Every structure is written in structure tokens, then in C-alpha cells.
Amino acid sequence: MLATRAASMLLRRSAASVVSPSAPATVAATAAAAKAALRNGTANVRFMSSDVATFDLTGSFETYNVETQPNNTIDMSKEELLSHFELMYTMRRMEITCDNEYKSRAIRGFCHLYDGQEAVATGINASFDLEDSWITSYRCHCTALARGGSVESVLAELFGNVGGQTKGKGGSMHFYNKAHNFYGGQGIVGAQVPVGLGLAFANHYNATPGKPMQVAIACYGDGAANQGQIWESANMASLWNLPMIFCIENNHYGMGTSMDRHSSHSDYYKMGNHIPGVRIDGMNVLAVKEGMRFVKDFVGSGNGPMYVEMMTYRYHGHSMSDPGTTYRNREEIALTRSTRDPLEFVKRTLIDAGFSDAEQIKEIEKRIRKDVAAQVKKAKASSKPSVEPHLFEYVYTTGGGKEENEFPPHIRMPDFNKSKFY
């Protein structure tokens, strides 16, 4: 038996195309249906040629307070689906590497891993333009990778080296890539949402009349969903009709508390009151891509903000300091891995569509594992930031731009001799 009702809700909702609404909502029935779906290929292929297929997404979406909805099919080329798989598998290998490097103490401090949720970041990125603005929580390694980063730049940042995406000064929770309109990485729970609202305001302000607006998305977890700053942001977004997407990545446990215990409202996509919402199967990258295409079109067309709930699951604990098994049991984690794993879903879909076979997929995985290992080696070879100029860069400015730094005459440094870690 599973430990909590949250896991049952995950399987019921994210496998909506597998279990009919009238089916008994028992964990055993849901698990059996989900396993059968994974064996048979959850994304049923309606039509396919040698390079393009149409996939059935029936049951992947639930909508609220909106007359239209995402399409129940999506056309996907072989090249597109393979690229999604490669990015997701790179994310998975990178996060597994982070786990190992953290345990060997090459990575210090906070570290929140994304494995299990790869379909969410990959699907959002596939539906967005580079001009769209994206900000997320501290669980941001894979989003940084999707928005123009590399395994080398992510791991170098985690190692605290100058080759990192923020030159070794941000760490696990503070990635940033202005060229790709990725604004982080926020270390404070929910704090990214008001910043995302500001990005939406900027996009609205800078929009060309008569043309669709660029959108802004703020991703946060179910544990942050009831914060006051989010309600205030939603009110302003609705009041000013801003192109803002409130995206709840619902992995069901917040920092370690089941959603049944921490939220009186478990349908997060309905939390905007009159603001429209959509719930998406966050373990299915095809559903995420089509769902977010719909959301981007709706919000960017001047219809105001929208709430999005991604039904997903994290395999690791909340952070590396959390074993993840005190509030859920290993059976639940194993069941989700065996029935709803987003990578296994894509692999099965590639095979069922005739785009690839098991041996080709193994070769891709082998190549990616080798590439990740090589990039990690380069990341480790990068040097640590020096006191000058790195320590003082981007702290004070003379007003002449980011390259014109003002260097303070003195700054107190830590006493490394008194630190047990050095």
C-alpha cells in the first residue's frame, strides 16, 4: 500500500488517458492501468509517416474557467522527439552526477535535484521563444540547462568555479542567463513569483501593439502555492491584464509535507479564483509541450494571466539533506518510477512511433553519459574565483555599465583556518 493519498492522486491525474473517470480510484487499479499503459506506449499513435507522427493526448488536460482547451493531439517529428529525449536524458544524468558529487563533498551547501520532473522544463522550453521570460525556484539546474546552459557550466557553478554560469558566485540556487531570458533560481520559497510578475509587466509594457506579447512564467512548487506574495502577484496580474503564467510544479510534498496536510485546496489550477487555469500531465513531455503552447497563445493574446498545474513527481528528497523516505515510502517511489517515469515514456513513444529502436536509444544514452562525464571533468578543471577581480565584480558600479566596477578598499574575508571544511 502507498503511504499517502497524494501518490494516488498523482497516478490518477497524470495517467488520465489510462484510467477512465468511472474507473475505481484505487491505488492498485491505478497502478495496474499505469503499468499497462507504459508497456503499451502511453502516447497512442494515431497516424505516422517515416518522420512525423500524430500522438493522442486525450485525458492529459483539465481546464478551469476557460472556454477553449489544448488540443487532444500533437504532431511530432522524429527529430523533435529525439531532441526532447536527449535533453531529458542529459538532465537525468546531470542530476545523478550532482547527487554523486554532493555525496563525495565536491558540491557543498544547498542542492535541490530535479530528476523525475524533466518533462516539465523540457516541454515548457519547447513551447516558448527565447524572448519569453522564465524564472523558477531553487530547483533550477535543469531549467538552466534548457535555457542555454551546458552541463559544464552547471557543474562548474555547483563546484564554485569561475567556469560556472554565474562565475561560481551563485551556486545551486542562483543560475542566470540574460541572453536566454532566464532569471534564475531563487533561494527563497516563492520569492520568484513577484519578480516574474515584474517580467510580465515589462513584456506588456514593451509589446508591439497589434502583435502577440512575449509571456513570463514563474514556476514554483505546491509548498509555495498558498503564500501571500503569490496571491498579491495574481491580483496585480489580473488587474493589469499581464501576460503572466503562474506555474505550480506539483510534486505533492512541498518540502516534505503531503499536499493533503498543507493545503486546503488541492486543485491548484483553480486557485486563481476567476483567473483561468489548466492542469497538465507533467510526466508526459508531449502533453506539457501542447499544453504550454495553448497557455502561451492564450496569455500572449492579451487575455490576462493563467494558472498552470503540472502533475509531476520528484525522485530525490526535497534537497540532498532530505532522504525523501520519512514522509513517503520506497514502494511509492519505485511504483512511480516503474509506471510514470517521463524518460521511459519518451523511449516507449519513440519505439512505438517507429522513430527509433531499443539499440539506437542505448547508443544515444551511452553517448550522453560519456559527454556528461567529459563536461564534469572540464568543470572540475575550472579555477576558483580569485579575490580580485572576481570577488568585487557586479557588487558596486561606477555607473558606467556592468564592466565598470568600483572596488571597495576593504572587505572582510572568512578565516579558512577556522573552518572545519578546509
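Residues numbered from 1 in each chain as written. Predicted model: local features only at pLDDT ≥ 70, side-chain atom pairs only at ≥ 80, totals over all residues. Heavy atoms only, no water.

**Let's talk about the overall build of the protein chain**
Of regular secondary structure, the protein chain possesses 14 helices and nine strands. Expressed as a percentage of the 422 residues in the protein chain, the buried residues total 54%. Looking at the protein chain alone, contacts between residues at least 24 apart form 72% of all its contacts between residues at least 6 apart. Total accessible area on the protein chain stands at roughly 18,800 Å², and carbon and sulfur atoms take up 52% of it. (Helix = DSSP H or I, 4+ residues; strand = E, 2+ residues; numbered from the N terminus. Buried < 20%, exposed > 50% of the residue type's maximum accessible area, 1.4 Å probe, protein only. Contact = heavy atoms within 4.5 Å. Areas by Shrake-Rupley, 256 points an atom, 1.4 Å probe, with all protein chains shown as cover.)

**Some thoughts on the side chain of D99**
Relative to the helices and strands, D99 resides in helix 3 (residues 78-103). The contact partners of D99, leaving out residues within four places of it in the chain, are L113, H316 and M320.

**Considering the packing of helix 7 (residues 192-205) against helix 8 (residues 228-239)**
Direction vectors running N to C along helix 7 and helix 8 enclose 15°, while the axes themselves pass 8 Å from each other. On the basis of the axis angle, helix 7 is roughly parallel to helix 8. The chirality of how helix 7 crosses helix 8 is left-handed. Between helix 7, through V193, P194 and L197, and helix 8, the contact on the second element is made entirely by Q229, I230, S233, M236 and A237. Of the residues belonging to the contact of helix 7 with helix 8, the class tally is six nonpolar, two polar and no charged. (Axes fitted to C-alpha atoms, helices over the stretch in contact; angles between N-to-C directions. Parallel < 35°, antiparallel > 145°, perpendicular 65-115°, else oblique. Left-handed = near helix turned anticlockwise from the far one by under 90°. Nonpolar A, V, L, I, M, F, W, Y, C, P; charged D, E, K, R; others polar.)

**Concerning the sheet that holds strand 3 (residues 61-64)**
Reading across the sheet, the six strands line up as 3-8-9-7-6-5 and stay open at both edges, with mixed pairing between neighbours. In this open sheet, the two edge strands, each paired with only one partner strand, are strand 3 and strand 5 (133-135). The sheet shows a mean angle of 20° between the axes of neighbouring strands, direction not considered. Across the sheet, helix 4 (residues 118-127) touches strand 5, strand 6 (216-221), strand 7 (244-250) and strand 9 (306-311), and the angle it forms with strand 5 is around 165°. (Pairing = 2+ DSSP bridges.)

**A short note on the nonpolar core**
The tendency in soluble globular proteins is for nonpolar side chains to be buried as a group. Among the nonpolar cores identified, the biggest contains 70 residues, and I124, L155, I245 and M292 are the most heavily contacted of them. Examining the composition of this core, we find that nine residues originate from one element, helix 10 (residues 285-303), more than from any other. L155 has contacts with M94, T97, C98, I107, V376 and A379, leaving out every residue within four places of it along the chain. With 23 residues, the next largest nonpolar core counts Y183, V193, A200 and I230 among its residues. (Core = buried A, V, L, I, M, F, W, Y, C linked by side-chain atoms within 4.5 Å.)

**Digging into a nonpolar patch on the surface**
Residues F201, Y205, M236, L239 and W240 make up a contiguous nonpolar surface patch of roughly 580 Å² in combined accessible area. Taking the relative accessible area as the measure of exposure, W240 reaches 42% and is therefore partly exposed. (Patch = residues over 30% accessible without salt bridge, like charges linked within 9 Å, V, L, I, M, F, W, Y side chains within 5 Å. Salt bridge = Lys/Arg side-chain N within 4 Å of Asp/Glu carboxyl O.)

**Section: the side chain of K347**
Among the structural elements, K347 can be located in helix 12 (residues 342-352). Accessibility expressed as a relative area gives 18% for K347, which makes it buried. What K347 contacts, discounting residues up to four positions off in sequence, is F85, I361 and E365.

**Digging into the pattern of salt bridges**
The final tally for this structure, using the stated rule, is 19 salt bridges. Put simply, E118 and R92 hold a salt bridge, and the shortest N to O gap is 2.5 Å. Pair noted here: E118 is in helix 4 and R92 is in helix 3, with a separation of 26 residues, a long-range link. We note that E118, like R92, is buried.

**Overview of the environment of S382**
Looking at the element boundaries, S382 is found in the loop between helix 13 (358-381) and helix 14 (387-391). Contact partners of S382, with chain neighbours within four places excluded, come to N161, V162 and G163.

**Quick notes on helix 10**
Compared with the 27 Å implied by 1.5 Å per residue over 19 residues, the 25 Å span of helix 10 between its first and last C-alpha is a close match. Burial within helix 10 is extensive, with 14 of its 19 residues counted as buried. Looking one or two places after helix 10, you find G304, whose phi comes out positive at around 90°. (Expected span 1.5 Å × (residues − 1).)

**Looking at the packing of aromatic side chains**
All told, the structure shown has nine aromatic pairs when counted by the stated rule. Each ring, one from F85 and one from Y89, has its centre 5.9 Å from the other, and the planes form 25°; the classification is stacked. Residue F85 and its partner Y89 are both found in helix 3; the two are separated by four residues, about one turn of the helix. In terms of burial, F85 and Y89 fall into one category: buried. Among the aromatic residues, those joined into a ring-pair cluster are F201, Y205 and W240. (Phe/Tyr/Trp six-rings, centres within 6.5 Å; stacked < 30°, edge-to-face > 60°.)

**Concerning the confidence of the model for the protein chain**
Across the protein chain, pLDDT averages 87, with 84% of residues at or above 70. Scored below 50 in pLDDT, residues 1-41 shows 82 contacts in the model against residues more than four places distant or in partner chains. (pLDDT = per-residue confidence, 0-100.)

**Looking at the packing of helix 12 against helix 13**
Orientation of helix 12 relative to helix 13, taken along the N-to-C sense of each, is 140°, at an axis distance of 10 Å. What the angle tells us is that helix 12 and helix 13 run oblique. Here helix 12 and helix 13 pass one another in a crossing that is right-handed. Listed contacts from helix 13 to K347, L350 and I351 of helix 12 are A358, I361 and E365. For the contact of helix 12 with helix 13, the residue count by class is four nonpolar, no polar and two charged.

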